[in-house]
Each structure stands twice: as C-alpha cells, then as structure tokens.
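# What the coordinates show
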Amino acid sequence: MKRTLQVLNELERGGVIERYAIGGAMGATFYVEPLLTFDLDVFVLLPRSAAGLLSLAPLYEALRARGYTEEGECVFIEGVPVQFLPAYNALLDEALREARETSYEEAPTRVVRAEHLIAICLQTGRDKDRERVRIFREQAELDMGYLAGVLKRHGLEGKWKQWTP
Amino acid sequence: MDTLKPEIARLFAAKEARRHKLAALPFPEKVRAVVRLQEMAAPVLRARGIKVRVWKLDDRVV
C-alpha cells in the first residue's frame with residue numbers, strides 16, 4: 001500500500017488530482033478496529049477542465065499511461081484496488097480540505113477526519129453506514145464540538161439524533 | 001428482561017476490550033490486519049460467486 005500512496009502523491013504533485021484523502025472503510029480503520037474491505041476508497045478534488053467540467057477521465061488516462069488497469073469501478077494500483085470518488089457535494093469538499101495529514105510506512109498521506117466520516121455515513125444512510133456510526137461512537141476519539149459544527153453546516157443534526165437515540 | 005450470566009457478561013466485556021485494543025493499533029498494523037481479514041473472507045465470498053481480490057502489500061513478508 002505504500003507504493004499505492006506514493007503513486008497518489010505523484011498524481012497530486014503532477015496536478016492530475018488537486019487533493020486526495022482516504023475515506024470509506026480504510027479511512028474508518030484509521031480510527032477504529034480493522035474493518036473488512038476489499039477496496040481503498042479515495043476521495044479526490046479534481047482540477048476543472050478549460051470548459052469548467054469535472055471529470056475522472058484525465059485521472060484514469062494518467063493511471064493507464066503508468067500501466068495500471070481498471071476493473072469495474074476500481075483501478076489496480078500496486079496490488080490495491082482503488083476506487084476514486086470525486087467530491088460531489090459541500091460535505092465531501094470540506095472533508096477533503098480538512099483531512100488529517102498522516103503517513104503510512106513513511107509515505108505521506110491524508111485520511112478524512114473521523115467526524116467527517118461520520119457525517120458522510122449519515123448522509124449516505126445505508127444500514128452499514130449506521131453500523132459504522134455505532135462503531136465510531138464506541139471506539140473513536142471524537143471531537144464532539146467539531147462534529148456538531150459539521151452536522152449543523154451540512155443539515156445532518158436530525159439524522160444524527162435519529163441514529164443516536 | 002433476561003440478564004446475562006456473569007461468565008457470559010465477562011466474555012462480552014473481554015471481546016469489547018479486545019476491539020478497543022485493536023482500535024488503538026498503529027495504522028500500518030491495522031492495514032495488515034485488514035489484509036488478513038481479506039484472506040479469511042475471500043474463499044467464502046468466492047464460493048458464493050463474489051469476485052474479490054486480496055491486496056498485495058509491498059511491505060509484507062510472506
């Protein structure tokens with residue numbers, strides 16, 4: 001995975017992506033017990049094209065040029081299937097901008113903050129997201145003041161109350 | 001409401017403590033644990049016709 005992250009860092013340095021951060025189950029695993037997943041979910045801020053459009057196509061092209069192959073929704077980068085998710089709303093945009101800087105085996109990387117991962121779960125709203133929120137509450141060290149701000153800014157206070165009676 | 005027998009309650013408490021201990025591991029160790037989970041889950045999922053691939057960690061000693 002170290003090489004995978006190094007490739008993501010190279011893409012960011014080269015301007016193919018503006019910024020990236022690990023999210024999904026692997027992002028959650030940073031804060032809680034290891035969770036089974038087969039994909040590495042990576043949230044990305046994409047540079048806008050001249051026409052002002054956001055597209056994953058230049059990213060896929062850059063990866064193909066480096067010899068990495070696509071399979072379904074993922075691209076295999078150094079043995080790890082990576083699923084790129086562009087920041088498609090204000091919450092994801094904020095989650096990416098405020099992601100936590102860390103490192104994995106000396107490779108610098110970013111992980112979405114636990115409070116944002118919770119908000120993303122609330123917004124997505126599947127059964128597995130509800131279960132993940134429960135695990136976060138049980139095991140992660142949360143900044144409750146920060147979480148309250150995120151929930152308020154993105155209209156998720158009602159859902160939080162509903163899921164955490 | 002039924003109450004748990006003390007020995008069962010102790011087992012649950014031990015499980016909970018282990019989960020907290022796992023949550024406190026360094027990130028690279030957790031990633032290696034996820035890959036071990038993948039190795040355990042993959043044969044079961046493949047038997048059910050679900051296509052999955054176990055990650056290849058570059059830092060992994062096989």
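It should be noted that the structure appears before, not after, this text.
Below, the structure is looked at part by part. Along each chain, residues carry numbers from 1 onward, in the same order as the chain's sequence is written. To read the labels, note that chains go from A and ligands from 1, taken in the order they are written. Residue-level local features of this predicted model are given only where pLDDT is at least 70; pairs of side-chain atoms are given and counted only at 80 or more, and the full residue set underlies all totals for whole chains, interfaces and linings. Heavy atoms from the whole structure form the basis of all side-chain values; hydrogens and water molecules are not counted.

All names here are of chain A. Working definition: helices are DSSP H or I runs of at least four residues, strands are E runs of at least two. Numbering for both runs from the N terminus. Mapped onto the elements, Thr69 comes out in the loop between helix 3 (57-65) and strand 3 (70-71). Between the alpha carbons of Thr69 and Lys159 there is a distance of 39 Å; along the sequence they are 90 residues apart. Ignoring any residue separated from it by four or fewer positions in sequence, one finds Thr69 in contact with Cys74, Val75 and Phe76. Contact between two residues is taken to exist if any of their heavy atoms lie within 4.5 Å; hydrogens are not considered.

Aromatic rings from Phe, Tyr and Trp, with only the six-membered ring used for Trp, were paired whenever their centres fell within 6.5 Å, and each pair was classed as stacked if the ring planes differed by under 30 degrees, edge-to-face if by over 60, and tilted otherwise. In total, this model carries four aromatic pairs over all chains according to the counting rule given. On the basis of an interplanar angle of 75° and a centroid distance of 5.0 Å, the ring pair of Phe30 of chain A and Tyr31 of chain A is categorised as edge-to-face. Between Phe30 of chain A and Phe27 of chain B, the ring centres sit 5.0 Å apart and the planes meet at 75°, which makes this aromatic pair edge-to-face. Note that Phe30 of chain A is positioned in the loop between helix 2 (24-29) and strand 2 (40-45) and Phe27 of chain B in helix 2 (residues 27-47), a pairing that runs across two chains. Per-residue accessibility, obtained with a 1.4 Å probe over protein chains only, is compared with the maximum for each type, and a residue is labelled buried under 20%, exposed over 50%, and partly exposed between these values. Judged by relative accessible area, Phe30 of chain A falls into the buried class, the value being 15%. With a relative accessible area of 7%, Phe27 of chain B lands in the buried category. Within the aromatic cluster, the residues linked to one another by ring pairs are Phe30, Tyr31, Tyr104 and Phe136 of chain A together with Phe27 of chain B.

All names here are of chain A. A pairing counts as a salt bridge when a side-chain nitrogen of Lys or Arg comes within 4 Å of a carboxyl oxygen of Asp or Glu. According to the stated counting rule, one finds 16 salt bridges over all chains in the structure shown. Of the charged contacts, one joins Glu70 and Arg64 as a salt bridge, the two residues approaching to 2.7 Å between their closest N and O atoms. Residue classification places Glu70 among the partly exposed positions, given a relative accessible area of 38%. On the accessibility criterion, Arg64 (45% relative accessible area) is partly exposed. As a salt-bridge pair, Asp93 and Arg97 come within 2.9 Å of each other at their nearest N and O atoms. Here Asp93 pairs with Arg97, and both are found in helix 4 (residues 90-97), just four residues apart, close to one helical turn. Accessibility expressed as a relative area gives 26% for Asp93, which makes it partly exposed. Among the charged side chains, a salt-bridge network with shared partners connects Arg3, Glu10 and Arg66.

All names here are of chain A. Structurally, His116 is set in helix 5 (residues 114-124). Residue His116 is classed as buried on the basis of its relative accessible area, which comes to 0%. In this view, His116 contacts Leu91, Glu94, Ala95, Glu98, Tyr146 and Val150; residues no more than four positions away in its chain are not counted.

Opposite the 29 residues of chain A that make contact, chain B presents 26 residues. Values labelled buried area give the accessible surface lost by two parts on being combined, using a 1.4 Å probe and summing over both. Regarding the contact of chain A and chain B, the summed buried area is about 2,400 Å², with carbon and sulfur atoms giving 63% of it. Sorting the residues of chain A by area buried against chain B places Pro34, Phe38 and Tyr104 of chain A first, and these three jointly supply 26% of that buried surface. Our count for the contact surface shared by chain A and chain B stands at four salt bridges. Any N or O atom pair separated by 3.5 Å or less is treated as a polar contact, with the protein-specific requirement of one donor-capable and one acceptor-capable atom, and with residues adjacent in sequence counted only for side-chain atom pairs. Here chain A and chain B share ten residue pairs in polar contact (both at pLDDT 80 or more) between them. Breaking the side of chain A that touches chain B down by element, the ones donating at least two residues are helix 1 (2-13), helix 2, strand 5 (80-86) and helix 6 (127-139) of chain A. A per-element tally of the side of chain A that touches chain B places helix 6 of chain A first, with four residues. Here the residues of the side of chain A that touches chain B sort into 15 nonpolar, five polar and nine charged. When residues are grouped by polarity, Ala, Val, Leu, Ile, Met, Phe, Trp, Tyr, Cys and Pro land in nonpolar, Asp, Glu, Lys and Arg in charged, and all others, Gly among them, in polar.

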